[in-house]
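Working through the structure, step by step
Below, each chain spelled out in residue letters.
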Amino acid sequence: MIAINGYFRSQPVTGQQRYATEIANRMLETEEDVFEIRSSKFARSRTAEWIDLQVRLPVQGRGKVVLSLTSRSPVLASEHIVTIHDLFPLTNPEWFSPLYVSLHQRLLRFHLRNARAIAVVSDPVLEEVQTLAAPGIPVKVVPNAPTKLHDGELREPSFNIPARYFLTVGNLEPRKNLRRLISAHQALPIRIQSEFPLLVVGAEAAAFKADTDLRSIAGENVRFLGRVPDPELAYLYMRATAFVSVSLAEGFGIPVVEAAGVTNGALILSDIPSYRWLAAGNESTAIFVDQLSVDSILNGLESAVCATPNTEAIRDISRRFTWDRSARTMTDLARSLAGGQQYV
């Protein structure tokens with residue numbers, strides 16, 4: 001039997017929760033011996049839910065393979081597959097709240113020593129984890145994939161959108177490098193700023209140190225949209241002149257593969273290992289920029305304005321990954337433990 005840790009269900013849906021939702025739903029729909037353990041109805045606060053996770057889930061999962069798909073995971077589960085989306089709490093603790101760092105550094109170090117198996121979301125994360133994981137722990141790439149954000153027709157947003165625009169999607173946190181992106185956009189000639197405003201989709205998240213004064217440095221041609229429903233987000237991806245992600249680091253980059261699946265515009269990406277891996281060495285898929293240089297990001301924005309995107313090559317980024325394939329890989333990994341086998 002495989003017990004999925006379903007405590008992610010009570011969290012807002014961002015990257016890790018989307019991954020967990022897509023993988024868990026498929027496993028529950030297709031596998032008879034898979035079930036899910038969710039938060040107790042009595043766990044009505046974050047603290048109570050965390051205690052519930054640490055105590056009740058290992059008890060209910062005893063004798064089963066326990067599968068955690070986000071960083072919200074128990075310590076005491078014995079046959080435990082953990083999913084590591086990134087190592088940022090260890091490598092860049094300054095990006096997170098002190099409480100999150102204190103908790104998740106300990107969790108990561110514990111799981112790297114004691115997990116029965118580890119799933120990671122990309123080859124770059126695999127390489128990092130393999131240098132830190134205890135010898136003998138199998139580590140398998142089970143990547144993210146583009147989620148179908150709409151059923152049937154795309155839905156035009158309820159708010160007014162310009163005819164042409166740059167789009168970026170992500171939490172309002174330092175790792176997303178929005179300060180440099182906004183500075184680069186404001187360095188464009190006023191006419192281009194006005195004709196190609198920057199739309200920012202995303203909100204603050206409790207785990208991260210918030211860039212609370214981004215709005216104060218942004219001019220009238222930068223619009224903060226908050227969280228946007230999936231069908232409207234798909235419409236924004238499709239219509240964008242360029243999708244922009246100049247993150248300082250990513251474990252994978254779900255918005256990149258989502259945008260690549262529907263956009264008719266260009267991709268402007270930071271030159272980081274996960275994005276180079278997504279592009280699979282095809283230089284025609286994206287305009288890569290130095291994420292630490294405002295001038296380089298500015299040049300990328302200027303190039304996108306007059307670029308003719310290689311749409312077919314961009315679509316290939318999205319086609320490389322499917323949730324069905326990732327769910328099967330995760331199921332195979334869990335079954336190998338349930339059967340006492342070593343997964344290769």
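Structure report, in brief.

So, how was this worked out
- Residues numbered from 1 in each chain as written.
- Predicted model: local features only at pLDDT ≥ 70, side-chain atom pairs only at ≥ 80, totals over all residues.
- Heavy atoms only, no water.
- 1 Å grid on protein atoms, 1.4 Å probe; cavity = no way out; pocket = protein on both sides within 12 Å on 5 of 7 lines; lining within 4 Å.
- Points joined across faces, edges and corners; volume = space filled by probe spheres on them.
- Helix = DSSP H or I, 4+ residues; strand = E, 2+ residues; numbered from the N terminus.
- Buried < 20%, exposed > 50% of the residue type's maximum accessible area, 1.4 Å probe, protein only.
- Axes fitted to C-alpha atoms, helices over the stretch in contact; angles between N-to-C directions.
- Parallel < 35°, antiparallel > 145°, perpendicular 65-115°, else oblique.
- Left-handed = near helix turned anticlockwise from the far one by under 90°.
- Contact = heavy atoms within 4.5 Å.
- Nonpolar A, V, L, I, M, F, W, Y, C, P; charged D, E, K, R; others polar.
- Pairing = 2+ DSSP bridges.

**A word on empty space enclosed by the protein**
Evaluation of the coordinates by the stated rule reveals 1 cavity of 30 Å³ or more. When its volume is computed, the largest cavity comes out at roughly 70 Å³. Forming the boundary of the largest cavity are T168, V169, G170, N171, K176, L178, L181, V200, V201, S245, V246 and S247. At the level of elements, β7 (166–169), α6 (178–186) and β8 (198–201) are the ones that each hand at least two residues to the lining of the largest cavity.

**Let's talk about unusual backbone geometry**
For N177, which is not glycine, the phi torsion reads 65 degrees and is therefore positive. Inspection of the secondary structure assignment puts N177 in the loop between β7 and α6. Under the relative-accessibility criterion, N177 is labelled buried at 4%.

**Observations concerning the packing of helix α9 (residues 230–239) against helix α10 (residues 254–262)**
Contact geometry of α9 with α10 gives a least axis separation of 8 Å together with a crossing angle of 65 degrees. Between α9 and α10, the angle is such that the two are roughly perpendicular. Note on packing geometry: the crossing formed by α9 with α10 is right-handed. Listed contacts from α10 to L233, A234, Y237 and M238 of α9 are P255, E258, A259 and V262. Tallied by class, residues from the contact of α9 with α10 come to 7 nonpolar, no polar and 1 charged.

**Section: the sheet that holds β8**
A sheet is described by the order of its strands in space; here 6 strands give the open sequence β9-β8-β7-β10-β11-β12, paired in parallel fashion. Among the strands making up the open sheet, the edge pair consists of β9 (222–226) and β12 (287–289). Between one strand and the next, the sheet's axes are offset by a mean angle of 20 degrees, whatever the strand orientation. Bridge count for β7 against β8 is 4 bridges, and the pairing is parallel. Counted as the bridge partner of V169 is V201 from β8. Most of the contacts of α9 go to β7, to which it runs at about 140 degrees, and overall it touches β7, β8, β9 and β10 (242–245). Its contacts with the sheet place α10 against β7, β10 and β11 (266–270), and it is angled at close to 170 degrees to β10.

**Points about the layout of surface pockets**
Its boundaries defined by the atoms lining it, the second largest pocket holds a volume of some 190 Å³. Around the second largest pocket sit 14 residues that line it, and F88, E128, A249, E250 and P273 are the ones nearest its centre. Going through the elements one at a time, α3 (88–91), α5 (123–132) and α11 (273–279) are the ones with two or more residues in the lining of the second largest pocket. Residue contributions to the lining of the second largest pocket peak at 3 residues, all from α5. Looking at the lining of the second largest pocket residue by residue, the classes come out as 7 nonpolar, 4 polar and 3 charged.

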